[in-house]
Amino acid sequence: MEYQNPLIAYIDSHALEHNINVVRQKFPGKEIILPVKANAYGHGSILVSRLAQDCNVNFFALARINEALELRLAGIKGQMIILGAEWNIDNLKLALEYDIGLTVSDITHIELLEKIAEQENKIFNVHVKLNTGMFRLGVDSENVALFAKKLASCKRLHVVSAFTHFAQSDEDENITLKHVKMFGESLDVLKACGVNPDFYHLCNSGGVENLSNNLNKIISESSAVRPGMMVYGYSQGIPGNPKTELIPVMNLCSKVVHTRYAKKSTPVGYGATYVVPEDGKLATLALGYGDGFPRMLSGRFSVRINGHDYLQCGRISMDLTVVSVGEDVKVGDDAWIFGSSKYAKMNADDLAKLCGTISYEITTCITSRVQRCVLK
């Protein structure tokens, strides 16, 4: 007998395939490097990676080595790149053992990798990150020559790619094109110093959406794109531009676990912040901030039950949420919290705007207590 979870994040395989195809239409012939870091932005990294492989995506981006190990141990065979910086020697040896590519942008770091690879008699696959404006990781333009000469002298580091990450690709196309120019100049320096990456990639979701109609030489020659949130169904287009037709992949659904009738003036929830305005029916859902759903959305969003939209009322608690509903709602009914308009009134973008944040945070914060299932 298997436990039946009352709160499920349904992952729509058809929506994922649709969004991947949108990327391919914008950048035909380019390989897709799919970020599945942070549990695939909350969607479930193993589940999403398997679905993506069914769509012929076989290159995955992670933030940390343990995320990549989870995929390897689950049987994911594709190429992997760690986008963060890893220095722990034991972790680096695991990356070497499980063929996990590493981002490099520091001379001391590549010296360490060369030493470990020599000790293990193996080759590290590395990806050179060039800083063009984000200023988190990446080789600064004035240091590229020094870095490249050192990297060229390393015999056990295979340079798979060079890449950058745009800081404002969803805000300003002109600034992003300046970053593209900076990347091209740094790439020329790399090559002049004897570092010749197998390929390079620049475009994140914003780059894919906003630069596909303004391809310069560097972008058109790149071999891959690295779309994140747009693959999960949320546009990163510049405000004012037409939005890309994407479908949210995550559809969060709770079961109604209790119903009751409440008389007018009945207080509901912690702090009695909501008082029933007239006699009516209340439904309690298995949904709370313990599931990663923001408490600050209390009284500010609607759920869809049996095709009708109902306002949530009272404070969201750790495990339960109350909704003012119609007479036909009963225990066991599905309450769609957010996702595609096919199922829910609101999507992650809608909720994010209410919270003053971004859709990434809404989906990524959904906890492991919530079951992930494929919606076919």
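Details of the structure are given in the entry above.
Draft legend 1. Structural detail: the pairing of strand β4 (residues 79-82). Of the pairings in the sheet, the one linking strand β3 (residues 59-62) to β4 comprises 4 bridges and is parallel in character. Bridge pairing in β4 links F60 to M80. Traced from β3 through helix α4 (residues 65-73) to β4, the parallel crossover comes out right-handed.

Draft legend 2. Quick peek at the side chain of E114. For E114, the position within the fold is in helix α6 (residues 107-120). Among the polar contacts made by the side chain of E114, one reaches the main-chain amide nitrogen of R156 at a distance of 3.0 Å. For E114, the contacting residues outside a window of four places in its chain are C154, K155, R156 and L157.

Draft legend 3. Spotlight on the pattern of salt bridges. A full pass over the atoms with the stated rule returns 9 salt bridges. Of the charged contacts, one joins E120 and K93 as a salt bridge, the two residues approaching to 3.9 Å between their closest N and O atoms. Here E120 is found in helix α6, whereas its partner K93 is found in helix α5 (residues 89-97), with 27 residues between them in sequence. Between R304 and D309 there is a salt bridge, with its nearest N and O atoms 2.7 Å apart.

Draft legend 4. Quick look at the packing of helix α7 (residues 144-153) against helix α8 (residues 173-192). Running from N to C, α7 and α8 cross one another at 35 degrees; their axes reach a closest spacing of 8 Å. Pair α7 / α8 crosses with right-handed handedness. Where α7 abuts α8, its residues V144, A145 and A148 lie against S186, V189 and L190.

Cut-off values and rules
Residues numbered from 1 in each chain as written. Predicted model: local features only at pLDDT ≥ 70, side-chain atom pairs only at ≥ 80, totals over all residues. Heavy atoms only, no water. Pairing = 2+ DSSP bridges. Helix = DSSP H or I, 4+ residues; strand = E, 2+ residues; numbered from the N terminus. Right-handed = clockwise from strand over helix to strand, strands pointing away. Polar contact = N/O pair within 3.5 Å; in protein donor to acceptor, adjacent residues only side chain to side chain. Contact = heavy atoms within 4.5 Å. Salt bridge = Lys/Arg side-chain N within 4 Å of Asp/Glu carboxyl O. Axes fitted to C-alpha atoms, helices over the stretch in contact; angles between N-to-C directions. Left-handed = near helix turned anticlockwise from the far one by under 90°.

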